[in-house]
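# Tertiary structure, described
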Amino acid sequence: GKKYITREGGATVTVFVPYDCKNNCPFCINKKEYADTSTFSIKKICKSIRKLHRITPKCDFVFTGGEPLSDLDGLQEMMNCVPKGHRVFINTTLPVSEHFPEESIIEFTRVNKDKITCINVSRHMIHYVEESNDELLARLYVPVRVNCVLFHGYKHKNIKQFADRFARLGVPIQFRADYTVTTLENLYKREGDEILEDLMANFEYLGIDGCRIRCGYHFNNNGQHIAYHRTLPYSTITEERDGVSYDILYDVLIKQNGDMHSDWTYVPLDVEAYKNVTFEPYDLKVLEGRIE
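Below you will find a few notes about this structure. (Residues numbered from 1 in each chain as written. Predicted model: local features only at pLDDT ≥ 70, side-chain atom pairs only at ≥ 80, totals over all residues. Heavy atoms only, no water.)

Take the overall build of the protein next. Helix and strand counts for the protein stand at 7 helices and 17 strands. With respect to the three principal axes, the spread of C-alpha positions in the protein is 50 × 50 × 35 Å. Going through the 292 residues of the protein one by one, you find that 53% of them count as buried. With an accessible surface of roughly 14100 Å², the protein has 51% of that area assigned to carbon and sulfur atoms. Averaging the coordinates of the 37 positive side-chain charges in the protein and doing the same for the 41 negative ones gives two points 4 Å apart. (Helix = DSSP H or I, 4+ residues; strand = E, 2+ residues; numbered from the N terminus. Buried < 20%, exposed > 50% of the residue type's maximum accessible area, 1.4 Å probe, protein only. Areas by Shrake-Rupley, 256 points an atom, 1.4 Å probe, with all protein chains shown as cover. Lys, Arg positive; Asp, Glu negative; His and termini not counted. Charge placed at Lys NZ, Arg CZ, Asp CG, Glu CD.)

What follows is the structure, given as structure tokens:
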């Protein structure tokens with residue numbers, strides 16, 4: 001059988017909400033999974049949330065999609081299954097329309113303010129979706145971060161202007177590299193990284209942290225924290241130790257139908273083996289500079 005290792009607290013659990021958004025962002029790898037919703041089930045997702053809570057009662061949960069905030073009742077039902085003691089993150093485009101009035105989203109954050117650690121709002125330099133006004137970010141009852149995917153052909157000259165747009169609201173930013181081209185060999189490579197060059201030229205560089213599968217460069221923009229995140233397109237590293245093969249898990253996924261996977265590449269999680277997972281200290285370390 002499989003042998004798993006994960007970090008203290010447990011692998012991050014990413015929950016794919018069982019309902020779709022109306023967006024078609026070009027970098028979204030999940031869109032095709034939402035084409036057929038016939039097997040989707042909140043009930044089965046809740047069962048998997050409870051199961052993973054029992055195995056790793058301190059793990060983080062991330063709700064993503066699809067669009068978590070496009071069904072606030074459904075999201076509430078799933079969040080109610082996450083017991084106290086977990087950090088909870090929501091990845092969203094922060095949709096606002098006649099179906100999602102601003103007030104209902106603000107109210108949702110008020111009701112869940114003790115449960116939600118941070119809402120990560122997708123905002124990009126190129127417009128793909130109907131965006132709420134920026135002011136809404138400052139009106140939510142929970143911490144907010146902007147996630148911005150930068151990939152081929154992003155507008156270099158606008159990076160400072162883009163950062164300042166959210167700095168005035170006190171919102172930090174995480175820029176993300178195109179992970180589809182990241183490999184173990186180039187994860188930490190700096191030469192030829194245009195995004196890194198732009199960030200270095202525009203902001204005060206603070207330092208870098210990293211682990212086996214991801215790294216983050218950190219910057220200060222007049223008090224606004226900016227991170228630049230590079231990660232591999234998979235989240236399991238296999239290692240031999242004393243002749244035994246271990247799968248080291250960084251992420252566990254709960255799919256729209258409640259199935260549990262041990263990686264983004266459709267690998268089923270061996271739940272029985274995960275019950276006997278070995279915990280070890282998280283290998284994320286500050287490698288250079290100082291990071292608050």
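The next point concerns the packing of aromatic side chains. In total, this model carries 6 aromatic pairs according to the counting rule given. Their ring planes at 80° and their centres at 5.9 Å tell us that Tyr4 and Tyr274 sit as a pair that is edge-to-face. Here the residue Tyr4 occupies a position in strand E1 (residues 4–7), and Tyr274 occupies one in helix H7 (residues 271–274), the gap between them amounting to 270 residues. You'll find Tyr4 and Tyr274 in the same group, each marked buried. Between Tyr217 and Tyr228 the ring centres are 5.9 Å apart and the planes differ by 25°, which places this aromatic pair in the stacked class. Here Tyr228 lies in strand E10 (residues 224–231) and Tyr217 lies in strand E9 (residues 214–221), a separation of 11 residues in the sequence. Summarising the burial analysis for this pair, Tyr217 and Tyr228 share the class buried. (Phe/Tyr/Trp six-rings, centres within 6.5 Å; stacked < 30°, edge-to-face > 60°.)

Applying the stated criterion to the full structure yields 2 cavities of 30 Å³ or more. Quantified by volume, the largest cavity comes out at close to 60 Å³. Taken together, Ile5, Thr6, Arg7, Arg212, Ile248, Leu249, Tyr250, Glu280, Pro281, Tyr282 and Asp283 form the lining of the largest cavity. Broken down by secondary-structure element, the contributors of at least two residues to the lining of the largest cavity are E1 and strand E12 (244–249). Here the element with the most residues in the lining of the largest cavity is E1; it accounts for 3 residues. (1 Å grid on protein atoms, 1.4 Å probe; cavity = no way out; pocket = protein on both sides within 12 Å on 5 of 7 lines; lining within 4 Å. Points joined across faces, edges and corners; volume = space filled by probe spheres on them.)

Ranked by internal contacts, the top residues of the largest apolar core, which has 75 residues, are Ile49, Phe63, Met78, Phe175 and Tyr274. The element contributing the most residues to this core is helix H1 (residues 42–55), with 6 residues. In contact with Tyr274, not counting residues within four places along its chain, are Tyr4, Thr6, Gly10, Ala11, Leu52, Ile55, Thr56, Leu249, Val252 and Leu269. (Core = buried A, V, L, I, M, F, W, Y, C linked by side-chain atoms within 4.5 Å. Contact = heavy atoms within 4.5 Å.)

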